[in-house]
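Secondary and tertiary structure notes
Here is what each chain is made of, one letter per residue.
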Amino acid sequence: MTTSTRGSSSLRNKALPAVLVLEDGRTFSGRAYGAVGETFGEAVFSTGMTGYQETLTDPSYHRQVVVMTAPHIGNTGVNDEDPESQRIWVAGYVVRDPARIPSNWRSVRSLDEELTAQGVVGISGVDTRALTRHLRERGAMRVGIFSGDALPDAGTMLAKVRQAPEMKGADLSAQVATKEAYVVPAIGEKKFTVAAVDLGIKGMTPHRMAERGIEVHVLPATATVEDVYAVNPDGVFFSNGPGDPATADHPVSVMRGVLARKTPLFGICFGNQILGRALGFGTYKLKYGHRGINQPVQDRTTGKVEVTAHNHGFAVDAPLDKVSDTPFGRAEVSHVCLNDNVVEGLHLLDQPAFSVQYHPEAAAGPHDAAYLFDRFVSLMEGQRA
């Protein structure tokens, strides 16, 4: 939820005072960055040192105020090639030391100008290290950013923050997903057709599949099982997205329909949580989540350790030490986070279905997990054979 003063000069905005207020009453003072006004959301931190443009345009960040732990942000400016969707989705943006002048041959405008143009209220000059430590100790929580000459008093700001909706119980995927189905054609020879259920999909994800000869039919979050099979898919994909997976009853129902037909299935991030629920596991909210492009994960099927890109505040509650019996056959945890043992992937042993909690499309991020798209292709090849 954001209200902003559009059209203000970004240079003039930099001199305006701004205040960040957490729901537990802690405040941080700084300067306006981007649009001027007020905004509310869940305060989370991202540990990526680069890739801020992909982060800002990731629909999974809907209704979240992102704190960047890297102190210097904005050096490469903004271009028109790297966005992962058609708009910025973060509710607010917090940086310590924004670049005064972008310096990159692909830059067409500054990050400050882009935030201002899209009405995203931010704050700079904040001690982001102290703020991050606070969120690690106390957990992600509601936050407000207020900027401009007419800042309300501290009591009013805190009251507004505490009136904002919480992330727990939020059903958000349909708010960010496409309203109409569209097709991303295969690059080169078409080998397979995949129905991709958009729960907040990033643009690079269908592109990664298209690179492998897959024609991707991207469907709205409201798509039914009949809609999925109307495209005659060789495989079905469930994307990343925002919100509490405990509210996602419709996608869970659709996934169960796919599992019942034993069609090759791949899910990432929110899609991993949907698979967990479809198999009968619970989900829960992490204290402060995983966000950034440097998270270590082990693929337990190979023993390989990957550096991966994450953006999730919820996780699947599945046993790490045994194979589980589910309505769709045996399932096990395939990937685990080496920082905290959070479930980072699931896979079925009796049919072609698997998922991971992170973002293998590497936008932004490392390419360690690109093999997962090849694994999906292998499942479809095996099913066809």
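Residues numbered from 1 in each chain as written. Predicted model: local features only at pLDDT ≥ 70, side-chain atom pairs only at ≥ 80, totals over all residues. Heavy atoms only, no water.

Domain annotation of the protein identifies domain 1 (17-163) and domain 2 (173-384). Each of domain 1 and domain 2 has a C-alpha centre, and the two are 28 Å apart. Across the interface of domain 1 and domain 2, roughly 1800 Å² is buried in total on both sides, 49% from carbon and sulfur atoms. Summed over the three residues of domain 1 that lose the most area to domain 2, namely Pro59, Ser60 and Glu84, the buried surface amounts to 28% of that side. Our count for the contact surface shared by domain 1 and domain 2 stands at two salt bridges. For the salt bridge of aspartate 58 with lysine 202, the shortest nitrogen-to-oxygen distance reads 4.0 Å. Our count for the domain 1 to domain 2 interface comes out at 14 residue pairs in polar contact (both at pLDDT 80 or more). (Domains from an automatic or database assignment. Buried area = accessible area lost by both parts, 1.4 Å probe. Salt bridge = Lys/Arg side-chain N within 4 Å of Asp/Glu carboxyl O. Polar contact = N/O pair within 3.5 Å; in protein donor to acceptor, adjacent residues only side chain to side chain.)

Attention shifts here to the packing of aromatic side chains. For the coordinates displayed, the defined rule picks out six aromatic pairs. Between phenylalanine 266 and phenylalanine 373, the aromatic rings sit 5.9 Å apart at their centres with planes inclined by 80 degrees, giving edge-to-face as the arrangement. With phenylalanine 266 in strand β15 (residues 265-268) and phenylalanine 373 in helix α11 (residues 371-384), the pair connects residues that are 107 residues apart, well separated along the chain. For the pair formed by phenylalanine 266 and phenylalanine 373, the shared burial category is buried. Measuring from ring centre to ring centre gives 5.4 Å for phenylalanine 266 and phenylalanine 376, while their planes differ by 55 degrees; the resulting arrangement is tilted. Of this pair, phenylalanine 266 sits in strand β15 while phenylalanine 376 is found in helix α11, placing the two residues 110 residues apart along the sequence. For the pair phenylalanine 266 and phenylalanine 376, one class covers both residues: buried. (Phe/Tyr/Trp six-rings, centres within 6.5 Å; stacked < 30°, edge-to-face > 60°. Helix = DSSP H or I, 4+ residues; strand = E, 2+ residues; numbered from the N terminus. Buried < 20%, exposed > 50% of the residue type's maximum accessible area, 1.4 Å probe, protein only.)

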